[in-house]
Amino acid sequence: MECWRSGVLVRRAVRFSATSKLTFVIKLMDLKSSHSSPVLTDPAPLSKSRLGLPSNMAPYSPAASPYSSSGLYLTIPRIINGKLEDVRANSWLDAMIASSPPRKKLNKDLISVTQLDDHDAAYQTWMMSYPSALNSFHLITSLAKCKTIALFLDYDGTLSPIVDNPDHAFMSSSMRAAVNEAANYFPTAIISGRSRNKVHEFVRLSDLYYAGSHGMDIMGPVRVSKSVENYCIQTTDSQGKEVHLFQPASEFLPMINEVYESLIEITNDIIGVKVENNKFCVSVHYRNVDKKMWDEVGVRVFGLLKCFSRLHVTHGRKVLEVRPVIDWNKGKAVEFLLESLGLSQRDDVLPIYVGDDRTDEDAFKVLRESNCGFGILVSNVSKETNALYSLRDPSEVQEFLKSLVRWKKSTELQTEAIATK
Ligand SMILES: O=P(O)(O)OC[C@H]1O[C@H](O[C@H]2O[C@H](CO)[C@@H](O)[C@H](O)[C@H]2O)[C@H](O)[C@@H](O)[C@@H]1O
């Protein structure tokens, strides 16, 4: 594959795969020319010294990249001996299938009783390690006693069910009411892979915080914490309220737009592909693509990305996510929001993160490792995870949120009764 020269944007014909024998005209960037690019010459956009934040906000380290420098191999997590391990895969298709477990639509007419039993047995066994947050509710509330719960919620697959058309992933009004009530009682943030504006359009609630682009676009409270303040732009939200905007990947914006245009161009002949601009990242959906063409989608996306050394691809639910290679993710966003809210490093705070996707694992891991809160994985299939508890689907998430509010109201009533005695 050839790229462009001397930092000048040119269009070139690129042969993507020997099998398809198709030639596409796309815009590409030359790694060599990167030295003359204002976007690429800068060091990583977020560095320890520049941000002045703890080591957990350190810049991206190539050694930690899931991709080799050649871009030919990627590491994907697989369950080996019951543990999450990185294994190398050189097949796009393998990786895409491995990281996109099928949505479980049980058609009992088509699935044999044995298959159903096997699935249920595996799920029940898995739930012994990741118990239902509903069944464990008393344990959870005993942990939360005398503490402030901070709620972090993923959007797709957590607050809205997974649907074929990403533009139609609407939240039910009952879920909206449950989230709204929860936000009245607990500091609450939505952390999504979507652009912040888009997830806000879906949720349409004002009393919570939003982090879009997998945490790379955070609108949070104006906070006294000096450590985060310097990296934020003070602005006002749609209600005119003063807020802080934190966008650690802002210098990637031109590159992301460039790649977005190219991805549309190189995939427009594959039926079912949808390319979504999520501001600081781009999603290439293949949910509606014939399975025989998944490989081709991967070849084209990874082929294009070879020419963008500062972008990489992660896997979501039947989606390839193109992202800047900075050490920033949903886990970092949780830490940042806790810090902004004045809730970090406090024994009287219990952060709870609810999510369904691979990208949510970063947040689960942060909570698990800091030992200050926990994750709840939304899944109706067994999966290796850093979460502590599980919920089957968004309807159980809704029930969990309502239960938390009921519990909080009753503890407040009890406190009031004691105080008036
Ligand atoms: O972090 P999230 O809020 O979970 O966002 C992750 C991606 O979610 C969306 O895609 C997923 O949901 C779609 C709607 O149900 C579904 O069609 C798609 O197959 C899923 O991957 C969203 O469209 C992506 O941009 C987000 O990155």
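Throughout what follows, the structure given in this document is the object of discussion. Sequence order sets the numbering: in each chain, residues are counted from 1 along the sequence as written. Residue-level local features of this predicted model are given only where pLDDT is at least 70; pairs of side-chain atoms are given and counted only at 80 or more, and the full residue set underlies all totals for whole chains, interfaces and linings. As a rule here, side-chain values cover all heavy atoms of the structure and leave hydrogens and water aside.

## Topic: the pairing of strand β11 (residues 274–277)
Next, step 1: Strands qualify as paired when DSSP identifies two bridges or more between them. Each helix is a run of DSSP H or I of at least 4 residues and each strand a run of E of at least 2, with the numbering of both proceeding from the N terminus. Note: β11 against strand β12 (residues 282–285), four bridges, orientation antiparallel. Note on β12: the bridge partner recorded for Asn-277 is Val-282.
Next, step 2: Connecting the antiparallel pair β11 and β12 is a turn made up of four residues, with Lys-279 showing a positive phi of about 70°.

## Digging into unusual backbone geometry
With the exception of glycine, the majority of residues adopt a negative phi angle, and the majority of peptide bonds are in the trans configuration.
Next, step 1: Of note, Cys-146 is a non-glycine position whose phi angle comes to about 65°, a positive value.
Next, step 2: Structurally, Cys-146 can be placed in the loop between α5 (137–144) and β5 (148–153).
Next, step 3: Taking relative accessible area as the criterion, Cys-146 reaches 76% and is therefore assigned exposed.
Next, step 4: Even without a glycine there, the phi angle at Asn-371 is positive, about 60°.
Next, step 5: Inspection of the secondary structure puts Asn-371 in the loop between α12 (361–370) and β16 (374–378).
Next, step 6: On the basis of relative accessibility, which here comes to 68%, the residue Asn-371 falls in the exposed class. Remark: exposure states derive from per-residue accessible area (1.4 Å probe, protein chains only) relative to the maximum for the residue type, with buried under 20%, exposed over 50%, and partly exposed in between.

## A look at the packing of aromatic side chains
Next, step 1: Pairing of aromatic side chains requires ring centres within 6.5 Å, counting the rings of Phe and Tyr and the six-membered ring of Trp. Pairs whose planes differ by under 30 degrees are stacked, by over 60 edge-to-face, and all others tilted. Considering all chains together, one arrives at 11 aromatic pairs under this definition.
Next, step 2: Ring pairing ties together the aromatic residues Tyr-123, Trp-126 and Tyr-130, which thus form one cluster.

## Some thoughts on helix α13 (residues 394–420)
Residues separated by three or four positions in an α-helix point in the same direction, a consequence of the helix having 3.6 residues per turn.
Next, step 1: Every helix has an expected span of 1.5 Å times one less than the residues it contains. Helix length check: α13 (27 residues) gives 39 Å between terminal C-alpha atoms against 39 Å at 1.5 Å per residue, within 8%.
Next, step 2: Along α13, the positions that sit buried rather than exposed are Pro-394, Glu-396, Val-397, Gln-398, Phe-400, Leu-401, Ser-403, Leu-404, Val-405, Trp-407 and Lys-408.
Next, step 3: Contact definition: two residues touch when any of their heavy atoms are within 4.5 Å. Lining the buried residues of α13 we find α5, β5, α6 (173–185), β15 (349–355), β16 and β17 (389–391).

## Some details on α12
Next, step 1: Taken residue by residue, α12 has Glu-361, Ala-363, Phe-364, Val-366 and Leu-367 as its buried positions.
Next, step 2: Among the structural elements, α11 (330–340), β15 and β16 are those in contact with the buried residues of α12.
Next, step 3: Phi turns positive, to about 60°, at Asn-371, one or two residues after α12.

## A closer look at the site of the ligand
Next, step 1: The near set for a molecule or strand comprises every residue that places at least one heavy atom within 4 Å of it. Around the ligand, the surrounding shell holds 21 residues, and the nearest of these are Val-163, Glu-276, Arg-287, Arg-317 and Lys-330.
Next, step 2: Contacts to the ligand include Ser-192, whose side-chain N or O atom sits 2.7 Å from an oxygen atom.
Next, step 3: Counted as a polar contact is a pair of N or O atoms within 3.5 Å, where, for protein atoms, one must be capable of donating a hydrogen and the other of accepting one, and residues adjacent in sequence contribute only when both atoms are in side chains. Contact between the ligand and Arg-287: an oxygen atom at 2.6 Å from a side-chain N or O atom of the residue.
Next, step 4: Each accessible area is a Shrake-Rupley estimate made with a 1.4 Å probe; only the visible protein chains count as cover when residues are assessed. Its free accessible area being 570 Å², the ligand has 99% of it covered by the protein chains.
Next, step 5: Looking at the shell around the ligand, the elements that each hand over two or more residues are β12 and β14 (319–324).

## Re the sheet that holds β12
Next, step 1: The four strands are arranged β11-β12-β14-β13 in an open sheet whose pairing can be described as antiparallel. At either end of the open sheet lies a strand with only one pairing partner, and these are β11 and β13 (311–316). Averaged over all pairs of adjacent strands, the angle between their axes in this sheet comes to 20°, without regard to strand direction.
Next, step 2: Across six bridges, the pairing between β13 and β14 is antiparallel. What sits directly across from Val-313, in β14, is Val-322.
Next, step 3: Think of each axis as a best-fit line through the C-alpha atoms, taken over the contacting stretch in the case of a helix, with angles from 0 to 180 degrees between the N-to-C directions. Contacts between helix α9 (residues 253–267) and the sheet are confined to β11, β12, β13 and β14, with β11 contributing the most and set at about 170° to the helix.

## With respect to the pattern of salt bridges
Next, step 1: In the sections that follow, a salt bridge refers to a side-chain nitrogen of Lys or Arg positioned within 4 Å of a carboxyl oxygen of Asp or Glu. This structure, assessed with the given rule, holds 16 salt bridges.
Next, step 2: The salt bridge partner of Lys-409 is Glu-181, with a shortest N-O separation of 3.4 Å. Placement of the pair is Lys-409 in helix α13 and Glu-181 in helix α6, with a sequence separation of 228 residues.
Next, step 3: Across the pair Asp-360 and Lys-330 runs a salt bridge whose closest N-O atoms are separated by 2.8 Å. Of this pair, Asp-360 sits in the loop between β15 and α12 while Lys-330 sits in helix α11; the two residues are 30 residues apart in sequence, bridging distant segments of the chain.

## Here we look at the packing of α6 against α13
Next, step 1: Two elements in contact, α6 and α13, have axes whose closest approach is 9 Å; the angle formed by their N-to-C orientations is 35°. You can see that α6 and α13 cross each other, and the crossing is left-handed. Counted together, Ser-174, Met-175, Ala-178, Val-179, Glu-181, Ala-182 and Tyr-185 of α6 and Pro-394, Val-397, Gln-398, Leu-401, Lys-402, Val-405, Lys-408, Lys-409 and Glu-412 of α13 form the full contact between these two elements.
Next, step 2: Classifying every residue of the contact of α6 with α13 by side-chain character gives nine nonpolar, two polar and five charged. By definition, turning the near helix anticlockwise from the far helix through less than a right angle yields a left-handed crossing, and turning it clockwise yields a right-handed one. Following the grouping adopted for this structure description, the nonpolar residues are Ala, Val, Leu, Ile, Met, Phe, Trp, Tyr, Cys and Pro, the charged ones are Asp, Glu, Lys and Arg, and the polar ones are all others, Gly among them.

## Let's talk about the sheet that holds β16
Backbone-to-backbone hydrogen bonds pair the strands of a sheet. The strands run either parallel or antiparallel.
Next, step 1: Overall, mixed pairing links the nine strands, which are arranged β9-β10-β8-β7-β6-β5-β15-β16-β17 in an open sheet. Each edge of the sheet is formed by a strand with only one pairing partner; in this case those strands are β9 (233–236) and β17. When the angles between neighbouring strand axes are averaged without regard to direction, this sheet yields 25°.
Next, step 2: Along the sheet, α5 contacts β5, β15, β16 and β17; its crossing angle with β15, the most-contacted strand, is approximately 140°.
Next, step 3: Across the sheet, helix α7 (residues 196–203) is in contact with β6 (188–191), β7 (209–212), β8 (217–221) and β10 (242–246); its angle to β7 comes to roughly 135°.

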